[in-house]
Amino acid sequence: AVYYNFPHSGAIQGFFDGHPIVNWRHENLMRLFFRSLRTYVKPGGFVKVASNCGAVGVRFSYIIGGALENEFLHIETVPFLEWHLHRYGRSYGDKRDIYKRPDASNNQSYNAQAADRDMVYCFCYAPTGAKLGPQQVRLPPNLKTLNACTDGPFKSVQGKAKETLAQQLHNRFVTEISGTHVG
């Protein structure tokens, strides 16, 4: 079995996860995750992805859609608190782990999130034998769209500074979509 707990493509400073300028990254994460599993998971193998049902980054539709595109059948959704592995010690997976350790004994890792809205989406790999084409991905916004953005990190910059920020983000997004690791 493969487990992916609370997937996230990483934050872009100044944008919330659901912002259309950056949300494409979360959708691609799930599409490419399930595509990569086709190499390693045997037919009949299970994949379980835990996420909050109200997540605005990696949405449940991205998880289920990415799975179905790659011949992983959705077999059930289980409330996280009913899952037999629900007591594991969650972490943030970033610099916050250094100074803000999760309370594993009470499973209060994320005190700002409602654990009752966390779900485990369960899939079974059922390849049909048909050859799948290249994985479709959502493309990042173009430079014109980034230059037109007026919120997020763009709300307090103007002129050349705004153009420079737009170019930097565009370069990063083009690098990410090319498959090059960033970070």
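Residues numbered from 1 in each chain as written. Predicted model: local features only at pLDDT ≥ 70, side-chain atom pairs only at ≥ 80, totals over all residues. Heavy atoms only, no water.

(A) Highlighting the overall build of the protein chain. In terms of helices and strands, the protein chain carries five helices and four strands. When the elements of the protein chain are put in sequence order from the N terminus, they spell out β-α-β-α-β-α-β-α-α. Looking at the protein chain residue by residue over its 183 residues, the buried ones come to 38%. Look at the contacts in the protein chain between residues 6 or more apart in sequence, and 75% of them connect residues 24 or more apart. Split by element, the accessible area of the protein chain, about 10800 Å² in all, is 54% carbon and sulfur. (Helix = DSSP H or I, 4+ residues; strand = E, 2+ residues; numbered from the N terminus. Buried < 20%, exposed > 50% of the residue type's maximum accessible area, 1.4 Å probe, protein only. Contact = heavy atoms within 4.5 Å. Areas by Shrake-Rupley, 256 points an atom, 1.4 Å probe, with all protein chains shown as cover.)

(B) The arrangement of the sheet that holds strand β3 (residues 72-79) in detail. Spatially, β1-β2-β4-β3 is the arrangement adopted by the four strands of the open sheet, whose pairing is mixed. Of all strands in the sheet, those bounded by a partner on one side alone are β1 (2-5) and β3. Pairs of neighbouring strands in the sheet enclose a mean axial angle of 20 degrees, with direction left out of account. Sheet topology note: the β1/strand β2 (residues 46-52) ladder contains four bridges and is parallel. Each residue of the ladder has a partner; that of V2, found in β2, is V47. Seen against the sheet, helix α1 (residues 24-37) touches β1, β2, β3 and β4 (118-125) and runs at an angle of roughly 165 degrees to β2. Together, β2, β3 and β4 form the strand contacts of helix α2 (residues 60-69), whose direction differs from that of β4 by roughly 5 degrees. (Pairing = 2+ DSSP bridges. Axes fitted to C-alpha atoms, helices over the stretch in contact; angles between N-to-C directions.)

(C) Structural view of the environment of P140. Tracing the sequence through the fold places P140 in the loop between β4 and α4 (143-148). Taking the relative accessible area as the measure of exposure, P140 reaches 18% and is therefore buried. Filtering out sequence-adjacent residues up to four positions away, P140 remains in contact with W24, F173 and I177.

(D) Representation of the nonpolar core in the model. In this structure, M30, F34, V47, V49, I63, F72 and F123 are the most contacted members of the largest nonpolar core, which totals 17 residues. Looking at this core, the elements with two or more residues in it are α1, β2, α2 and β4. Setting aside residues no more than four positions away along its own chain, I63 makes contact with M30, F34, V49, S51, V58, Y121 and F123. Grouped together as the second largest cluster of nonpolar side chains are 12 residues, L146, F154, L165 and F173 included. (Core = buried A, V, L, I, M, F, W, Y, C linked by side-chain atoms within 4.5 Å.)

(E) Here's a closer look at the packing of aromatic side chains. Scanning the entire structure with this criterion turns up 10 aromatic pairs. Ring geometry for F15 and F154: centres 6.3 Å apart, planes at 55 degrees, overall tilted. One end of the pair, F15, is in the loop between β1 and α1; the other, F154, is in the loop between α4 and α5 (159-177), and 139 residues separate them in sequence. Clustering of aromatic rings is evident, with ring pairs tying together Y4, F33, F34, F72, F123 and Y125. (Phe/Tyr/Trp six-rings, centres within 6.5 Å; stacked < 30°, edge-to-face > 60°.)

(F) View of the pattern of salt bridges. Following the criterion strictly, the structure yields six salt bridges and no others. Note that E27 is salt-bridged to R31, the shortest N-O span being 3.3 Å. Of this pair, E27 and R31 both sit in helix α1, four residues apart, roughly one helical turn. Look at E27 and you get buried, because its relative accessible area is 9%. Residue E71 is joined to R38 by a salt bridge in which the shortest nitrogen-to-oxygen separation is 2.9 Å. (Salt bridge = Lys/Arg side-chain N within 4 Å of Asp/Glu carboxyl O.)

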